[in-house]
Amino acid sequence: MPSARLPRIVLWLFCGLVIVFLVAPILVIVIASFNGTPFLQFPPASWSLRWYVRFFASERWYEAALLSLRVAVVVTIASTALGTLAAIGLVRGRTRFRAALELFLVSPMVVPVIVMAVGLYFLLAPLRLTGSAAALVLGHTIVATPIVIVIVAAALRLSDGSLELAARSLGATWWRTVRYVTVPQVAPAIGAAAAFAFLTSFDEVVLAVFLGGPDATTLPKRMWESMRFEIDPTLTAISTLLTVVATVILAAAQLARRAEERS
Amino acid sequence: MAAKGGALVLRRLTKHYPNMAAVDGIDLEIAAGEFLTLLGPSGSGKTTTLMMVAGFTPPTAGDVLLDGSSIAGLAPERRNIGVVFQNYALFPHMSIADNIAFPLKMRGMARPAIAAKVEAALGLVQLSGLGGRRPRQLSVGQQQRVALARALVFEPGLLLMDEPLGALDKKLREDMQFELKRLHGELGVTIVYVTHDQEEALTLSDRIALMNAGRIEQLGRAEDLYERPVSRFVAEFIGESNLLDGRVEAGWFTTPDGIRAPVAARADGAVLLMLRPEKVVLAPESATDGLAGTVSELVYGGDFTRYRVAVGAATLTAKIANSRAPFRPAVGASVRVLWHPGDECIIPK
């Protein structure tokens, strides 16, 4: 028996390690955020909510969070619309260059973000567009759109294309077919894609550092600066809140998907 | 819902793909109110033809005319043709009533009028009261009826059906065949029906176009195709057949391996002789005419028995009704194979 049991033990051990490494850093931050001492400390010597109070009381942090939210909302709308239309074109279109086009459209996913950031900086600087929310929206939309394309295209490939032919034969134009048949078919995937697009922008730091300039400072960029210059324990509270926001959004997307499947 | 049938004309209709001709210059005239079936094996081009008529596949060449005017350049939504798909293609996120209302909504009809039409369409396919359900809550047969109602509710002159009964079991398929015939008679709509099932084609159609390799092999009524096939392909595709290669000379048919039988007068030359198994008569060895043979196999089939008889190097199949068969030879028995003059069909080569 030991020979049969050993692989199973190794598997459990391996999976356990994976879970520990995935969850432990988050747990450390969450626990540290309830720290009562004035320094970053783990494990905390005393407990309090002071860093949360400080975050909500600070105008600097509040403004950064507001900018992040505004940018992320615009990016979500733009990249979901662009990505969904692109996915429909890629999956249902008749062009011969479909494969090449798809590779090209999702290429921002494989280009290192830092390369994209430097490139965009040199592109936008002469146009005096750096240091604005617009530059951030542009940069984040470039990174978020491929994610939407991949998710929506996967759902479209699984959906039944004859539904769209049926709609056309019943008198629906191409646009009305997209609106009444195609989009409702993949609505859960579009929802999930929107959630990922939102988080991609909301959590993004590299583009924010390069394109935000001194004026447009997002939450992750403010955190990065705070990390470099002061190691403010408020960071742990913000990190915890960001984690909660991300978890809630993804869980909501997942629940919406389940509800759709059941209806 | 009294639709008036539309007349459809296909003129040299062609679809070439890079290395094959899916449809190779088809000419076809379908009269208003006719039920025409495109029959053929898979890959014969029947579905491609249908998709070109519906407007989903652009033809390489040729024209499609509906009631005299060309529709080849029109988008599918502007052709006003009902289509029933193989998998029904009901919209799963809409109720049955909304599915049927869809074409009316797309045509900008007023709500009260839509409601009345949907109700009438549900009644027509005997699904009254099920409008509130979702497609997945219906049986396959009911979904089929909804697809039919949805394709007919906007009163198209032409209805295209792509293997619509393929997913149904035998009993349901027969019910739906009756239903289709009834609807066709009631509405007078022209139907172009695609199937690979010859029995379905024979039962339903006014005329059948048997397709092979992108061309129409034979066009005619069911009995034309069954009794007077023009080629080996037609004879083999429709029903069972005994086929013998040989020559006709002076009213006698002969094969290289020595079969010799009188046939209805025909021009001399190389021919294919086709004999349907149910036309074959078996007689005792003592009979004076007919071909001598030996029963090699028999299969009891309820209302008939199928005999396999070795005649020289050939094997002929005889399908004999059990109700009136005084002579029932066993396996190994020597028999005489004959048929009434004129029951054979001579296909010139």
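Residues numbered from 1 in each chain as written. Chains lettered and ligands numbered in written order. Predicted model: local features only at pLDDT ≥ 70, side-chain atom pairs only at ≥ 80, totals over all residues. Heavy atoms only, no water.

**Section: the packing of aromatic side chains**
Selection criterion: The pairing test for Phe, Tyr and Trp rings, Trp by its six-membered ring, is centres within 6.5 Å, and the orientation test on the planes gives stacked under 30 degrees, edge-to-face over 60, and tilted for anything in between. Burial classification: accessible surface area is computed with a 1.4 Å probe over protein chains only, and a residue below 20% of its type maximum counts as buried, one above 50% as exposed, and the rest as partly exposed.
For the structure on display, the rule yields eleven aromatic pairs over all chains. With a centroid separation of 5.2 Å and 80 degrees between ring planes, the pair formed by Trp 174 of chain A and Trp 175 of chain A is classed as edge-to-face. Here Trp 175 of chain A falls in the exposed class, since its relative accessible area comes to 56%. Judged by centre distance (5.7 Å) and plane angle (20 degrees), the rings of Phe 233 of chain B and Phe 237 of chain B are stacked.

**With respect to the pairing of strand S3 (residues 35-39) of chain B**
All names here are of chain B. Using the following cut-off: A run of H or I in DSSP becomes a helix once it reaches four residues, and a run of E becomes a strand once it reaches two; helices and strands are each numbered from the N terminus. At least two DSSP bridges between two strands are needed for those strands to be called paired.
In terms of burial, S3 is a largely internal element, five of the five residues being buried. On S3, burial covers both faces: Phe 35, Thr 37 and Leu 39 on one face and Leu 36 and Leu 38 on the other are all buried. Pairing geometry for S3 and strand S8 (residues 190-195), over five bridges, is parallel. Paired with Leu 38 across the strands is Val 194, a residue of S8. Bridge count for S3 against strand S9 (residues 207-212) is four bridges, and the pairing is parallel. Each bridged residue has a counterpart across the sheet, and for Leu 38 the counterpart in S9 is Ala 209.

**Details of the layout of surface pockets**
Residues and elements named next belong to chain A. Put simply, the rule is: For each structure, a 1 Å grid was placed over the protein atoms alone; sets of points admitting a 1.4 Å probe that cannot get out are labelled cavities, open sets with protein on both sides within 12 Å along at least five of seven lines are labelled pockets, and lining residues have an atom within 4 Å of a point. Grid points are joined across faces, edges and corners, and a volume is the space filled by probe spheres set on the points. Nonpolar residues are Ala, Val, Leu, Ile, Met, Phe, Trp, Tyr, Cys and Pro. Charged residues are Asp, Glu, Lys and Arg, and all others, Gly as well, are polar.
Approximately 410 Å³ is the volume found for the second largest pocket. Only helix H3 (59-92), helix H7 (162-169) and helix H8 (174-185) provide two or more residues apiece to the lining of the second largest pocket. When grouped by side-chain class, the residues that make up the lining of the second largest pocket number six nonpolar, seven polar and four charged.

**Quick look at unusual backbone geometry**
All names here are of chain B. Unlike most non-glycine residues, Arg 12 shows phi in positive territory, near 45 degrees. Along the chain, Arg 12 falls in strand S1 (residues 8-17). One non-glycine residue, Tyr 88, lies in the positive phi region at around 75 degrees. With respect to the element layout, Tyr 88 can be found in the loop between strand S6 (81-84) and helix H2 (96-106). Relative accessible area serves as the criterion here: at 3%, Tyr 88 is assigned to the buried category.

**Topic: a positive patch on the surface**
Threshold: Only residues whose relative accessible area exceeds 30% and that form no salt bridge enter a patch; like-charged residues are grouped when within 9 Å of one another, and nonpolar side chains (Val, Leu, Ile, Met, Phe, Trp, Tyr) when within 5 Å. The accessible surface values rely on the Shrake-Rupley method and a 1.4 Å probe; as for residues, cover is taken only from the protein chains in view. We define a salt bridge as a contact between a side-chain nitrogen of Lys or Arg and a carboxyl oxygen of Asp or Glu at a distance within 4 Å. Under the counting rule used here, the positive set is Lys and Arg, the negative set is Asp and Glu, and His together with the chain ends is not counted. To locate a charge, take NZ of a lysine, CZ of an arginine, CG of an aspartate or CD of a glutamate.
Positive charge collects at one region of the surface, where Arg 176 and Arg 179 of chain A together with Lys 105 and Arg 111 of chain B lie side by side. With respect to the helices and strands, Lys 105 of chain B occurs in helix H2. Overall, the relative accessible area of 41% leaves Lys 105 of chain B in the partly exposed class.

**Focus on the packing of helix H5 (residues 113-124) of chain A against helix H6 (residues 133-158) of chain A**
Residues and elements named next belong to chain A. What counts is decided by this rule: Each axis is a line fitted through C-alpha atoms, and for a helix only the stretch in contact is used; angles between axes span 0 to 180 degrees, taken between their N-to-C directions. Roughly parallel refers to an angle under 35 degrees, roughly antiparallel to one over 145, roughly perpendicular to one between 65 and 115, and oblique to any angle outside these ranges. Note on convention: the crossing is left-handed when the near helix lies turned anticlockwise from the far helix by less than a right angle, right-handed when the turn is clockwise. When checking whether two residues touch, look at their non-hydrogen atoms; a contact exists if any pair is within 4.5 Å.
The N-to-C vectors of H5 and H6 enclose an angle of 140 degrees; their axes lie 11 Å apart at closest approach. Of the possible angle classes, the one that applies to H5 and H6 is oblique. Considering only the axes of H5 and H6, their crossing is right-handed. Of H6, the residues touching H5 (which contributes Met 116, Leu 120 and Leu 124) are Ala 135, Leu 138, Gly 139 and Ile 142.

**A few points about the confidence of the model for chain B**
Residue and element names in this part refer to chain B. Definition in use: Scored between 0 and 100, pLDDT is the confidence that the predictor attaches to each residue.
Per-chain confidence: chain B averages 90 in pLDDT, with 98% of residues scoring 70 or above. Per-element averaging of pLDDT across chain B places strand S13 (residues 260-262) at the bottom with 84 and H2 at the top with 97. We note a pTM of 0.82 for the whole complex and an ipTM of 0.83 for its interfaces.

**Description of the interface of chain B and chain A**
Frequently, the measure chosen for interface size is the accessible area that the parts lose on association. Selection rule: Buried area: the accessible surface (1.4 Å probe) lost by two parts on joining, summed over both.
If you look at the interface, chain B gives 25 residues, while chain A gives 21 residues. Carbon and sulfur atoms supply 60% of the area that chain B and chain A bury against each other, a total of about 1,900 Å² over both sides. When the buried surface of chain B facing chain A is broken down by residue, Phe 56, Glu 77 and Met 106 of chain B rank first, second and third, together holding 31% of it. Linking chain B to chain A there are one salt bridge. We note a salt bridge from Glu 77 of chain B to Arg 168 of chain A, for which the minimum N-O separation is 2.7 Å. Of all the elements in the fold, those that place two or more residues in the side of chain B that touches chain A are S6, H2 and helix H4 (140-152) of chain B. Per-element tally for the side of chain B that touches chain A: the top contributor is H2 of chain B, with four residues. Of the residues contributing to the side of chain B that touches chain A, the split by class is 17 nonpolar, two polar and six charged.

**Some thoughts on empty space enclosed by the protein**
All names here are of chain B. In the structure shown here, the tally under the stated rule is one cavity of 30 Å³ or more. As for the largest cavity, its lining consists of Leu 8, Leu 10, Leu 28, Ile 30, Leu 38, Thr 49, Leu 50, Val 53, Leu 160 and Val 192. Of all the secondary structure elements, the ones that give two or more residues to the lining of the largest cavity are S1, strand S2 (20-30) and helix H1 (46-54). Here the lining of the largest cavity takes three residues from H1, the largest share from any one element. Of the residues belonging to the lining of the largest cavity, the class tally is nine nonpolar, one polar and no charged.

**Some thoughts on the sheet that holds strand S7 (residues 158-162) of chain B**
Residues and elements named next belong to chain B. Pairing is mixed in the open sheet, where six strands are placed in the order S6-S7-S8-S3-S9-S10. Here the strands that pair on one side only, and so sit at the sheet edges, are S6 and strand S10 (215-220). Within the sheet, the average angular offset between the axes of one strand and its neighbour, ignoring direction, is 20 degrees. Summarising the sheet, S7 and S8 pair through five bridges and their orientation is parallel.

**Considering the pattern of salt bridges**
Residues and elements named next belong to chain B. In total, this model carries 25 salt bridges over all chains according to the counting rule given. Taking the shortest distance from any N to any O, the salt bridge between Glu 179 and Arg 145 comes out at 3.2 Å. With Glu 179 in helix H5 (residues 170-187) and Arg 145 in helix H4, this residue pair connects regions lying 34 residues apart in the sequence. Residue Glu 179 is classed as buried on the basis of its relative accessible area of 8%. Taking relative accessible area as the criterion, Arg 145 reaches 16% and is therefore assigned buried. Measuring nitrogen to oxygen at the nearest pair gives 3.2 Å for the salt bridge that ties Glu 223 to Arg 221. With a relative accessible area of 41%, Arg 221 lands in the partly exposed category. Here the residues in one salt-bridge network are Arg 145, Glu 179, Arg 182 and Glu 186, joined through shared partners.

**With respect to the side chain of Thr 182 of chain A**
Relative to the assigned elements, Thr 182 of chain A resides in helix H8. In contact with Thr 182 of chain A, not counting residues within four places along its chain, are Ile 88, Leu 156, Glu 164 and Thr 177 of chain A.

**A closer look at the environment of Ser 132 of chain A**
All names here are of chain A. As a reminder of what qualifies: Counting of polar contacts relies on pairs of N or O atoms within 3.5 Å, with two restrictions inside protein: one atom must be capable of donating a hydrogen and the other of accepting it, and residues adjacent in sequence are counted only when both atoms are side-chain atoms.
Tracing the chain through its elements places Ser 132 in the loop between H5 and H6. Taking the C-alpha atoms as reference, Ser 132 lies 7.4 Å from Gly 213; in sequence the two are 81 residues apart. At 3.1 Å, the side chain of Ser 132 forms a polar contact with the backbone nitrogen of Ala 135.

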